[in-house]
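The lines below spell out each chain.
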Amino acid sequence: MLEVNQVRKEYRDVDRAVTAVTVDSLIIQNGEQVALVGPSGCGKTTLLHLISGLLTPTTGEIKVDDITISAMKETWRDTWRATAVGYVFQRLNLLGSLSVLDNLLVAMSFARVIPKKEQRQWAHELLTQVKLSDKMGKFPHELSMGEQQRVAVARAVINKPRLMLADEPTASLDQDNAMLVLEMLRQFATLSGSILVVSTHDKQIMSQFERICFLRQESKGVIDSATCDSLA
Amino acid sequence: MRLVIAWRNLLAKPVQSGLTVLIVAATIAMLTLVTLLSTGTHDGLVRATEPFDLIVGAKGSPNQLVLNTVFLQDVPIGNVSHEIYDKLSADPLVTSAIPLAFGDNYQGYTIVGSGSGIFQHESKTGQGQWLQLAVGRPFAVPFEAVVGAGVAQKLGLKVGDGFKSIHGFLPGGHGHDHDYHVVGILEPVKGPYDQAILVPIESIWLAHEKHEPTLVAEVAAEDHDHEKEHEVTAIMVKPKGYSEAMRLYQQFQREPGAQMIFPAQVIVQLFSILGQGEHMLKMVAYVIIVMGLIIMALSVYWSALSRARERAILRALGASARDVFTIIVAESALLTILGVAVGILTGHGIYWLLVRAMASKTAIVLTAGLRPDEGYIIVGGILFGMLAGLIPAVLTYRTEVAHYL
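Starting from 1, residues in each chain are numbered consecutively following that chain's sequence as written. Chain A is the first chain written and ligand 1 is the first ligand written, with later ones labelled in order. Reporting in this predicted model follows two pLDDT cut-offs: at least 70 for local features of residues, and 80 or more for side-chain atom pairs to be given and counted; totals over whole chains, interfaces and linings ignore these cut-offs and use all residues.

### A word on the overall build of chain B
Next, step 1: Helix and strand assignments follow DSSP, with helices taken as H or I runs no shorter than four residues and strands as E runs no shorter than two, numbered in order from the N terminus. In terms of regular secondary structure, chain B is built from 11 helices and 10 strands.
Next, step 2: To sort residues by exposure, count the other C-beta atoms lying within 10 Å of each residue's C-beta; 20 or more gives buried, 12 or fewer gives exposed, and values between give partly exposed, all with C-beta atoms placed from the backbone. A burial count over chain B gives 44% of its 405 residues as buried.
Next, step 3: We call two residues in contact when the distance between their C-beta atoms, placed using the backbone, is within 7 Å. For chain B, long-range pairs separated by at least 24 residues make up 79% of all intrachain contacts whose partners lie at least 6 apart in sequence.

Shown next, in the form of structure tokens:
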């Protein structure tokens, strides 16, 4: 279970504090799939970074399966993130110097969840599932945007994480590819019983989810506060 | 996997990595060259004097006597009488006395008149003969010649060839009538005598009898008498031991027509005189090296800094601080190891070219080969480069990962 309690993230901007996101309470049960929506700049990415442990909240706490992530030491958070979080970034963040296959092997080498002798086999299997079996040796820049997105999805799910986060995963894709990528994410999450949080502003993507979490920007133009509502 | 990532990261930015390697290589090459030149010149000059324990020559500048006799440069001061040579040969303090006569050349290479004893001469007692034949035999009769390895290679001389000598020390002078016949080629001695042509001393006397009977050397007395026909330019003296050398030296202080010198001591004094200039040169070299090291550090630093996003992605994937640290250190190490390897090779390459140029133009053979100082350059260079890479590693770790994603 994911719990976000009284979380507030502030940044220093010269001599004043700017609030990027505020979440009073957000609880997502194991196996639940949620769309995180809200206007641009309302703090969706910041919230996903907080949940993944890439950022720590200024106040409040974040728990995953009763483990308080926000209180962990950074090195422990790194280890936890490697094993428990699969993240599809908005900018994909594939390692351009590595091949498609190596991008997956790197993620596995840090997590050490899959036994080493099975890693290559599992990566092959997964790439076949996302229809990239013939692109394993290619570098990210040699792939189309849709293919890169599928590599990012494969990398996010390779360690069978408890928590899958996707930040606007369909933003740069056409409708067909967007639905394909979303379907893959949902399928993997369903199979592994993981929590899936997808941030989006695409109404068609939103409509695929039973639960939508809405991040509201209170003062238009300046991100100083946001709240989260759960809509069944 | 970490090493693979480090290697692939470098390959992914070939221009940047290549430039960094180039800068590191240039710095290390400069460092290597300065070290090799400094020690090589010193060792080369000192080593050239090793076969010459003591030299007897005409009164005048000891430096000129060493330059002429040991390095085959400059003109002789003058001649010494044959009696001095006879007296030294019979001296109980002396193991061997070898006469040397200069005055002619062949295509710019000095012809050295000597006795056959020069082929038995040992640089250091028990370490074998100084001049060893690669081909042929030692000279036996006048106008036979044994050619130094360098001369044989440059002029393509081989046993059986003939040549005519030229009077003086530069090519283009008037020629002597006698033909010399090559009977032997020397093994390389890695010293000035690789550029020498050895002939029986009688050849010099005979050759000069016809044209200028009084001249054995370029600078000679004007009076013509029979005794001067058998003068020698210098005498290589091998004393029986150190105390004998000192006694001989004391004895020779009273000799009116000649001086005795320790060539090694002259070289040391020469280094001492040149010390100030060498010190200034070293200071300039150190400034250049420090600048080079700073540029090298900056290059590795920027190279490491430019990979901040890749490292942030690795952190986002769950790489531990140790993983990231290993990757950065491996990247910097690979860059600096490559740069150091290329730099050492380049430094040696340039030094080798200088050695060849010096050997052919000045007969001074700089010593070559790896030196202990280079170990410090290699280890220091790699550590310095890796250290430069660590700074951005620490900075990156302190920066929020999300900033780069």
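### Things to note about the overall build of chain A
Next, step 1: Tallying secondary structure elements over chain A gives 7 helices and 10 strands in all.
Next, step 2: Within chain A, counting contacts between residues at least 6 apart in sequence, those at least 24 apart form 68% of the total.

### A look at the nonpolar core
Next, step 1: Membership of the largest hydrophobic core comes to 110 residues, with the highest contact counts inside it found for Val153, Met164, Leu185 and Val197 of chain A.
Next, step 2: The element best represented in this core is helix H2 (residues 14-49) of chain B, accounting for 11 residues. In this description, a nonpolar core means buried residues of the types Ala, Val, Leu, Ile, Met, Phe, Trp, Tyr and Cys, linked to one another by C-beta atoms lying within 7 Å.

### Considerations on the interface of chain B and chain A
By a frequent convention, interface size equals the accessible area lost on bringing the separate parts together.
Next, step 1: If you look at the interface, chain B gives 20 residues, while chain A gives 23 residues.
Next, step 2: Elements with a contribution of two residues or more to the side of chain B that touches chain A: helix H1 (2-12), helix H9 (308-316) and helix H10 (321-362) of chain B.
Next, step 3: Residues are grouped as follows: nonpolar covers Ala, Val, Leu, Ile, Met, Phe, Trp, Tyr, Cys and Pro; charged covers Asp, Glu, Lys and Arg; every other residue, Gly included, is treated as polar. Residues that form the side of chain B that touches chain A fall into these classes: 12 nonpolar, 3 polar and 5 charged.

### Some details on the sheet that holds strand S2 (residues 16-28) of chain A
Whether parallel or antiparallel, the strands of a sheet pair through hydrogen bonds between backbone atoms.
All names here are of chain A.
Next, step 1: What the 4 strands build is an open sheet, ordered S2-S1-S4-S5; its pairing is antiparallel. Whereas interior strands pair on both sides, the edge strands pair on one side only; in this sheet they are S2 and strand S5 (67-68).
Next, step 2: Here strand S1 (residues 2-13) pairs with S2 via 11 bridges, running antiparallel. Its bridge partner lying in S2, Val4 is registered against Leu26. Any two strands between which DSSP finds at least two bridges are classified as paired.

### A look at the pairing of strand S7 (residues 175-186) of chain B
All names here are of chain B.
Next, step 1: The pairing of strand S4 (residues 133-136) with S7 spans 3 bridges and is antiparallel. Opposite Leu133, over in S7, you have Leu186 as the bridge partner.
Next, step 2: In this sheet, S7 lies alongside strand S5 (residues 144-147) in parallel orientation, the contact comprising 4 bridges. Counted as the bridge partner of Val147 is Ile185 from S7.
Next, step 3: Relative to S7, strand S6 (residues 162-167) runs antiparallel, the two sharing 4 bridges. By the bridge assignment for S7, Lys164 is matched with Asp179.

### A look at helix H2 (residues 74-84) of chain A
Next, step 1: Among all positions in H2 of chain A, only Arg77, Asp78, Arg81, Ala82 and Ala84 of chain A are buried.
Next, step 2: Those residues of H2 of chain A hidden inside the fold are in contact with helix H1 (44-52), strand S4 (59-64), strand S6 (85-88), helix H3 (100-111) and strand S7 (163-167) of chain A together with H9 of chain B.

### Digging into unusual backbone geometry
What you tend to see is this: most non-glycine residues have negative phi, and most peptide bonds are trans.
Residue and element names in this part refer to chain A.
Next, step 1: Of note in this structure, Gln6 is not a glycine but carries a positive phi near 50 degrees.
Next, step 2: Secondary-structure assignment places Gln6 in strand S1.
Next, step 3: The exposure class of Gln6 is exposed, given the 12 C-beta atoms found within 10 Å.
Next, step 4: A positive phi angle, close to 50 degrees, is found at Lys160, a residue other than glycine.
Next, step 5: Looking at where Lys160 falls in the secondary structure, it is placed in the loop between helix H5 (145-157) and S7.
Next, step 6: Looking at Lys160, the number of C-beta atoms within 10 Å reads 18, which means it is partly exposed.

### Remarks on the confidence of the model for chain B
All names here are of chain B.
Next, step 1: Confidence of the predictor at the level of single residues is given by pLDDT, which spans 0 to 100. On average, residues of chain B score 82 in pLDDT, and 89% of them are at 70 or above.
Next, step 2: Predicted confidence in chain B is weakest over helix H8 (residues 263-305), with a mean pLDDT of 76, and strongest over S5, with 94.
Next, step 3: Scored below 50 in pLDDT, residues 212-228 shows 36 contacts in the model against residues more than four places distant or in partner chains.
Next, step 4: Scoring the predicted complex yields pTM 0.67 and, for the interface, ipTM 0.86.

### Things to note about the pairing of strand S3 (residues 33-37) of chain A
All names here are of chain A.
Next, step 1: With 4 of 5 residues buried, S3 is to be regarded as a mostly interior element.
Next, step 2: Judged from the 4 bridges that link them, S3 and strand S8 (residues 195-199) form a sheet pairing that is parallel. Residue pairing across strands places Gln33 opposite Leu196, the latter belonging to S8.

### Looking at the environment of Phe209 of chain A
Residue and element names in this part refer to chain A.
Next, step 1: Structurally, Phe209 is set in the loop between helix H7 (203-206) and strand S9 (211-217).
Next, step 2: Phe209 gets classed as buried once you count the C-beta atoms within 10 Å, which come to 21.
Next, step 3: Along the chain, Phe209 and Leu36 lie 173 residues apart, while their C-alpha atoms are 9.9 Å from each other.
Next, step 4: Look past the residues within four positions of Phe209 in its chain and what remains in contact with it is Gln33, Val34 and Ala35.

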